[in-house]
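Overview (structure and organization)
So you can see what is in the structure, the chains are spelled out below.
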Amino acid sequence: MDKRDRRSIFIGAGANLPHPSYASPRDTLQAALLELDRRQTRVLRYSPWYSTAPVPASDQPWYVNVVAEVDTDLTADGLLHTLHDIEELFGRIRSVPNAPRLIDLDLIDFRREIAAGGAGKATLPHPRMAERAFVVRPLADLAPEWRHPISGLAIGDLLAALPADQRACRF
């Protein structure tokens, strides 16, 4: 793993509902990434786009997902707050867990920090990221040498351990 990967910040983005102001979930996510650039956070690069099955499996529409590497002078908690502000700007309404959504922005890894989280605080790394193909698959494309900050598992090992029903198709 090179020095940059040890200091990287990764954000997961997903949506499976069309937004009233954008043509598609992908267009919504692209607009959200541009919004990040306006908020003390620079998008450095992002993974290929994926179409992914909902988790848990359901009859809701498939998601569009991407993982972005960003740079910022914000703290992890400050960046999490910024992500929530952008979700709110784009009309995210938090209802029941795993509900269909216009937008979802998650702080996946913040410079390999480990944090327990709490009200308004980031849990790092994201607590369920290693179990989700919609994060692991694009992250593997973006940072193939990445290792989980707590378990130390390589991204390839996380990919191999994913349940078969979590399908992710690159497009």
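Residues numbered from 1 in each chain as written. Predicted model: local features only at pLDDT ≥ 70, side-chain atom pairs only at ≥ 80, totals over all residues. Heavy atoms only, no water.

Thoughts on the packing of aromatic side chains
- According to the stated counting rule, one finds two aromatic pairs in the structure shown.
- Measuring from centroid to centroid gives 5.7 Å for Y22 and F90, while their planes differ by 20 degrees, and the two rings are stacked. Of the two residues, Y22 sits in the loop between β1 (9-15) and α2 (25-37) while F90 sits in the loop between α3 (76-89) and β5 (104-110), which places them 68 residues apart along the sequence.
- Taking the relative accessible area as the measure of exposure, Y22 reaches 30% and is therefore partly exposed.
- Judged by centre distance (5.8 Å) and plane angle (70 degrees), the ring pair of Y46 and W49 falls under edge-to-face. (Phe/Tyr/Trp six-rings, centres within 6.5 Å; stacked < 30°, edge-to-face > 60°. Helix = DSSP H or I, 4+ residues; strand = E, 2+ residues; numbered from the N terminus. Buried < 20%, exposed > 50% of the residue type's maximum accessible area, 1.4 Å probe, protein only.)

Observations concerning the pattern of salt bridges
- The full count for this structure, using the stated rule, is ten salt bridges.
- Residue R111 is joined to D71 by a salt bridge in which the shortest nitrogen-to-oxygen separation is 3.2 Å. Taken together, the positions of R111 in the loop between β5 and β6 (115-118) and D71 in strand β4 (residues 63-72) put the pair 40 residues apart, joining distant regions of the chain.
- Look at D71 and you get partly exposed, because its relative accessible area is 35%.
- Note that D104 and R101 form a salt bridge whose closest N and O atoms lie 3.2 Å from each other. With respect to burial, D104 and R101 carry one shared label: buried.
- Within this structure, E87, R92, R94, R101 and D104 form a network of salt bridges that share partners. (Salt bridge = Lys/Arg side-chain N within 4 Å of Asp/Glu carboxyl O.)

Points about the environment of V67
- Relative to the elements of secondary structure, V67 occurs in strand β4.
- Spatially, the C-alpha atom of V67 lies 8.3 Å from that of W49, the residues being 18 residues apart in sequence.
- Apart from the residues lying within four places of it in its own chain, the contact partners of V67 are F10, I11, G12, Y46, S47, V135, P138, L139 and L142. (Contact = heavy atoms within 4.5 Å.)

A word on the environment of G117
- Positionally, G117 belongs in strand β6.
- G117 sits in the partly exposed class, given a relative accessible area of 30%.
- The contacts of G117, once residues within four sequence positions are left out, are A122 and T123.

Here we look at the nonpolar core
- If you look at the biggest cluster of nonpolar residues, it comprises 28 residues, and the most contacted ones within it are L36, V70, L79 and L107.
- For L36, the contacting residues outside a window of four places in its chain are I11, T41, V43, V70, L79, T82, L83 and I86. (Core = buried A, V, L, I, M, F, W, Y, C linked by side-chain atoms within 4.5 Å.)

Thoughts on the packing of α2 against α3
- Two numbers describe how α2 lies on α3: the axes approach to 11 Å, and their chain directions differ by 135 degrees. Relative to α3, α2 is oriented oblique. For the crossing formed where α2 meets α3, the hand is right-handed. Where α2 approaches α3, its residues A32, E35 and L36 are matched on the opposing element by L79, T82, L83, I86 and L89. (Axes fitted to C-alpha atoms, helices over the stretch in contact; angles between N-to-C directions. Parallel < 35°, antiparallel > 145°, perpendicular 65-115°, else oblique. Left-handed = near helix turned anticlockwise from the far one by under 90°.)

Examining α2
- In this model α2 runs 19 Å from its N-terminal to its C-terminal C-alpha over 13 residues, within 8% of the 18 Å that 1.5 Å per residue would give.
- Inspection of α2 places P25, T28, L29, A31, A32, L33, E35 and L36 among the buried residues, and these make up the whole buried set.
- Residues of α2 that are buried make contact with β1, β2 (41-46), β4 and α3. (Expected span 1.5 Å × (residues − 1).)

A few points about the environment of R111
- Residue R111 is classed as buried on the basis of its relative accessible area of 18%.
- Through-space distance from the C-alpha of R111 to that of R101 is 28 Å; in sequence the pair is ten residues apart.

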